[in-house]
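Architecture at a glance
Take a look at the letters that make up each chain.
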Amino acid sequence: MHMVESQADTLIVLEDVVRRFEIADRRPLTALDHVSLGVRRGTVVAISGPSGSGKSTLLHLLAALDTPDEGTVVVDGQDLRRLSHSEQAEYRRHIGFVFQRFHLLPALTVLDNVIAPVLPYRTEFDKQARGRELLVAVGLDSRERQLPSRLSGGEQQRVAVARALINRPSLVLADEPTGNLDSATGAAIMDLLLTLREQLGITIMVATHDLDIASRCDRMLRLVDGRILDDVDMASLSEPEATWRRLGRLAPPAGGSSATRLGS
Ligand code: ADP
Ligand code: MG
């Protein structure tokens, strides 16, 4: 492994990351424009911003599903660009993914969906036992033999969250995980992610354009046109400031104290 020096409590370091997409007959589109960012282990980070601002692109780079044109992406001391193809595949197996569309396999039971990512592999753990443990953690142990079609959208997303955890990832990437859910169900999924972070110490990056979801996270980045315009430690906010965040305003009216900005 190619280790990069980083502080032990830092899981993710992005340095000056640029990702451009070439589109025929058009100027290249800069999806990420010199993004630098450090993320401490155990943090739940919201990546907010409008559609097309680069949220998914950032998650794809963190998943080693894509590589930057410039800059470095380091996760857990590993410079992702320097991994071989087989090392990248191994790296991806230890990242959890949650998607907007739950992507459950309709012909498999709930339990088999949870263990589907490890079915092709020999594991040193009992797949069924761990799958059941995770279904308990997401509150669906009584549904393990059912097919996904019997479950509500929120329940299906809980199954997808359990599936994301089957390999005990230290990093979970969630791309608009509440985008197909009503707001109460979406909030419940976000609460589940926050609880799992407490229990398992995982680091979670959640792309969302829902400010209510984003404001439940520990930290909120705001991407616009591929740049980080705003980086806020939610715990440092006073209640009125947090409310203004939820309303999508940058700051409370004059007179309120200003939000603490984190260095990147
Ligand atoms: P978000 O997830 O915030 O909606 P994306 O990261 O998907 O934004 O996209 C950022 C920008 O990059 C958008 O303008 C999008 O059209 C463009 N883009 C993303 N992926 C590709 C691709 N594979 N080819 C061309 N353009 C892309
Ligand atoms: Mg997206």
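A quick note: this is a predicted structure, and the numbers were derived from the prediction, not measured. (Residues numbered from 1 in each chain as written. Chains lettered and ligands numbered in written order. Predicted model: local features only at pLDDT ≥ 70, side-chain atom pairs only at ≥ 80, totals over all residues. Heavy atoms only, no water.)

Notes on the packing of helix H5 (residues 153-164) against helix H6 (residues 183-200)
When two helices pack together, their arrangement is captured by the angle between the axes and the distance separating the axes. The cut-off we apply is this: Inter-axis angles, ranging from 0 to 180 degrees, are taken between N-to-C directions of lines fitted to C-alpha atoms, where helices are fitted over the stretch in contact. Helix and strand definitions follow DSSP, with helices as H or I runs of at least four residues and strands as E runs of at least two, each counted in order from the N terminus. Our angle categories are set so that under 35 degrees counts as roughly parallel, over 145 as roughly antiparallel, 65 to 115 as roughly perpendicular, and the remainder as oblique. Crossings are classed by handedness, with left-handed meaning an anticlockwise turn of the near helix from the far one by less than a right angle and right-handed meaning a clockwise turn. Contact between two residues is taken to exist if any of their heavy atoms lie within 4.5 Å; hydrogens are not considered.
Two numbers describe how H5 lies on H6: the axes approach to 10 Å, and their chain directions differ by 20°. Accordingly, the angle class assigned to the pair H5 and H6 is roughly parallel. Considering how the two elements wind past one another, H5 and H6 form a crossing that is right-handed. Between H5, through Gly154, Gln157, Arg158 and Val161, and H6, the contact on the second element is made entirely by Thr185, Ala188, Ile189, Leu192, Leu193 and Leu196.

Digging into the sheet that holds strand S9 (residues 219-224)
Remark on secondary structure: sheet strands pair via backbone hydrogen bonds, oriented parallel or antiparallel. The condition that has to hold: Two strands are counted as paired when DSSP detects at least two bridges linking them.
One open sheet accounts for six strands, arranged S6-S7-S8-S3-S9-S10; its pairing is mixed. Every interior strand has two partners, whereas the edge strands, strand S6 (95-98) and strand S10 (227-233), have only one. The sheet shows a mean angle of 15° between the axes of neighbouring strands, taken without regard to direction. Where strand S7 (residues 171-175) lies against strand S8 (residues 203-207), five bridges are found, and the strand directions are parallel. Within S8, the residue paired with Leu171 across the bridge is Thr203.

Structural notes on the site of ligand 1
Selection criterion: A cutoff of 4 Å decides nearness: a residue is near a molecule or strand if any of its heavy atoms lies inside that distance of it. Polar contacts here mean pairs of N or O atoms no more than 3.5 Å apart (in protein, one a potential hydrogen donor and the other a potential acceptor; neighbouring residues in sequence count only if both atoms are side-chain atoms). Surface exposure here means Shrake-Rupley accessible area, sampled with a 1.4 Å probe, where a residue is shielded only by the protein chains that are shown.
Taken together, Phe21, Leu29, Ala31, Pro50, Ser51, Gly52, Ser53, Gly54, Lys55, Ser56 and Thr57 are the residues near ligand 1. Within the side chain of Lys55, one N or O atom sits 2.8 Å away from an oxygen atom of ligand 1. Taking Thr57, its side chain carries an N or O atom lying 2.6 Å from an oxygen atom of ligand 1. Relative to its unbound accessible surface of 560 Å², ligand 1 loses 61% to contact with the protein. Elements that contribute at least two residues to the shell around ligand 1 include exactly strand S2 (29-40) and helix H1 (55-62). For the shell around ligand 1, the element with the most residues is H1, which contributes three residues.

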